[in-house]
Amino acid sequence: MRFRQIAVTTALLGLFCLPAHAEPRDISRDTLPADDGWAAYGTGTTGGSAADDAHVHTVTDRAGLVRALDGGSDTPKIIRIAGTIDANTDDDGHHLDCADYATDGYSLKKYLAAYDPRTWGSAKPSGAQEEARQASAAEQAARVTLPVGSNTTIVGLGNAVLKGANLQVKNADNVIVRNLDLRDAYDCFPVWQPNTGGLGDWKTSYDNIWLTGATHVWIDHVTASDKGHPDAKEPTYFARNYLRHDGLLDITNGSDLVTVSWSRFEDHDKAMLIGNSDSATGDRGKLRVTLHHNQFESVVQRAPRVRFGQVHVYDNRYVVPEGAEYRYSLGVSTESGIYAENNSFRTPGHVEVADLVKSWNGTALHQTGTLFNGRPVDLLAIYNAYNSGSERDLTADVGWTPTLHAQIDSAAVADREVARGAGAGRIP
């Protein structure tokens, strides 16, 4: 018996006692697995995995990140982000706030006085203060907009944070962004648009990540939020919320073949837009996106809103906390083809099943395996029944069937796994 106890103890020590020099697995040369969503189509997505040693960079500040990005070049490169990088810093690393960007006499007080609808009317803002706003916005954009070129991998080391940045993947191919906490792409200079939505609205400029004309992109284990400056705490001007953030992740302008996996999108209004315009007919046949094992928590709307694209939405977890503002999750817009499978929704009592979907000129939504507060529901049938008086019914035929995907779990299993495993710092 004593010998058996010693053998068991020795085995346990072997399992749980790692050598002191053991290091975490290097994820920077990982590539997208085969069949893992639309980004696996064709050539697949390998990012900067082919980079030579001279193009593997570990960066700790904005200046180092800018150098590593190399102006958005196509050279294969791996960029490892360590610690917290603030995009709102000067070349010496000193923090810049909104007052540091303001130029040509711009001030919010003067801007509000100049374009108050009671005196200015409904015309588009013009003149000295709008010109000063544009010049000030350009100063900030030069700091926070960071171009990501083709054949690039950006990974966070440990609990890496990039705040205040607009990562812009523009007309680039083969990009990977993983294990990174992206926070607070804060616009110092929103513009007033008097005719938007009938009542006017404030328009902001920056997404945490913006894919525009991008192809073969894998975004994985990312956390994206407004952390630091939540829009809910911003004031109201001209009876409209003075929003400081645009999207968390927008996929527009003919972007194609994108997989977004195991990520968290939190505490935000308009989280994810796929397709930027009802009239962008050049998006037909593009905007093919897979969203799986992501968590959308305290997201008011656009999770996602889709135009034109063939979008596979499976094994995602949606959480609406008690008292949180909420409008909808799945936006069905012009010629969109959302194929939704085994998604879980957890909401308070004032949110009903029919609220989960919103349609603008949409015609179809495929859904199966939906869980709503732990019980199975036919999302499409309930939506059509409740909204038949105000919106036309949606059919179940979206014109395509996904083939590029890993195992699809039940919504109940996915709900548990996503709660545990999605977001930055949680790559197995």
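Not measured: the values here are computed from a predicted model.

Asks: Please set out the state of the cysteines residue by residue, giving values where relevant.
Replies: Counted according to the given criterion, the structure contains 1 disulfide. Across a sulfur-sulfur distance of 2.0 Å, Cys98 and Cys188 are joined as a disulfide pair. Classification of the bridge connecting Cys98 and Cys188 rests on its S-S torsion, roughly -80°, and on that basis the disulfide is left-handed. You can see Cys98 sitting in helix 3 (residues 98-101) and its partner Cys188 sitting in the loop between strand 7 (181-183) and strand 8 (191-193), a full 90 residues away along the chain.

Asks: Tell me what's going on with empty space enclosed by the protein, and back it up with residues and numbers.
Replies: On inspection of all chains with the given rule, the structure shows 1 cavity of 30 Å³ or more. Here the largest cavity is characterised by a volume of approximately 50 Å³. Lining the largest cavity are Phe296, Ser298, Val299, Ala303, Tyr318, Val319, Val320, Tyr326, Tyr328 and Ser329. Elements with a contribution of two residues or more to the lining of the largest cavity: strand 20 (295-301) and strand 23 (317-319).

Asks: Could you give an account of the confidence of the model for the protein, with specific residues and numbers?
Replies: Scored by pLDDT, the protein has a mean of 93; 94% of the residues are at 70 or more. Low pLDDT (under 50) marks residues 1-21, which in the prediction has 0 contacts with non-local residues, meaning those over four places away or in another chain.

Asks: Can you explain helix 8 (residues 411-421)? Please cite residues and give values.
Replies: For helix 8, the full list of buried residues reads Ala411, Ala414, Asp415, Val418 and Gly421. All buried residues of helix 8 lie within an arc of 160° about the axis, which places them on one face of the element. Directly beyond the C-terminal end of helix 8, a positive phi value near 110° is found at Gly423.

Asks: How would you explain the layout of surface pockets if you had to name every residue and give the values?
Replies: Of the pockets and cavities examined, the largest pocket occupies roughly 1,100 Å³. Surrounding the largest pocket, 41 residues form its lining, Leu243, His245, Asp246, Asp269 and Lys270 being those nearest its centre. For the lining of the largest pocket, the elements supplying multiple residues, two or more each, are strand 5 (166-170), strand 9 (201-203), strand 14 (240-241), strand 15 (249-252), strand 17 (264-270) and strand 20. If you tally residues by element for the lining of the largest pocket, the top one is strand 17, at 4 residues. Of the residues contributing to the lining of the largest pocket, the split by class is 10 nonpolar, 14 polar and 17 charged.

Asks: Outline the nonpolar core, listing residues and values.
Replies: Ranked by size, the top nonpolar core spans 86 residues in total, and within it Leu65, Leu211 and Leu249 carry the most contacts. One finds Trp38, Ala364, Trp400 and Leu404 within the second-largest nonpolar core, a separate group that totals 7 residues.

Asks: Describe the pattern of salt bridges, listing the residues and the values that go with them.
Replies: In this structure the tally under the stated criterion is 20 salt bridges. Put simply, Arg118 and Asp116 hold a salt bridge, and the shortest N to O gap is 2.7 Å. Of the charged contacts, one joins Arg240 and Asp201 as a salt bridge, the two residues approaching to 3.7 Å between their closest N and O atoms. One end of the pair, Arg240, is in strand 14; the other, Asp201, is in strand 9, with 39 residues separating them in the sequence. Taken together, the shared-partner salt bridges connect Arg25, Asp30, Arg178 and Asp220 into one network.

Cut-offs applied
Residues numbered from 1 in each chain as written. Predicted model: local features only at pLDDT ≥ 70, side-chain atom pairs only at ≥ 80, totals over all residues. Heavy atoms only, no water. Disulfide = S-S within 2.5 Å. Helix = DSSP H or I, 4+ residues; strand = E, 2+ residues; numbered from the N terminus. 1 Å grid on protein atoms, 1.4 Å probe; cavity = no way out; pocket = protein on both sides within 12 Å on 5 of 7 lines; lining within 4 Å. Points joined across faces, edges and corners; volume = space filled by probe spheres on them. pLDDT = per-residue confidence, 0-100. Contact = heavy atoms within 4.5 Å. Buried < 20%, exposed > 50% of the residue type's maximum accessible area, 1.4 Å probe, protein only. Arc of directions from axis to C-beta. Nonpolar A, V, L, I, M, F, W, Y, C, P; charged D, E, K, R; others polar. Core = buried A, V, L, I, M, F, W, Y, C linked by side-chain atoms within 4.5 Å. Salt bridge = Lys/Arg side-chain N within 4 Å of Asp/Glu carboxyl O.

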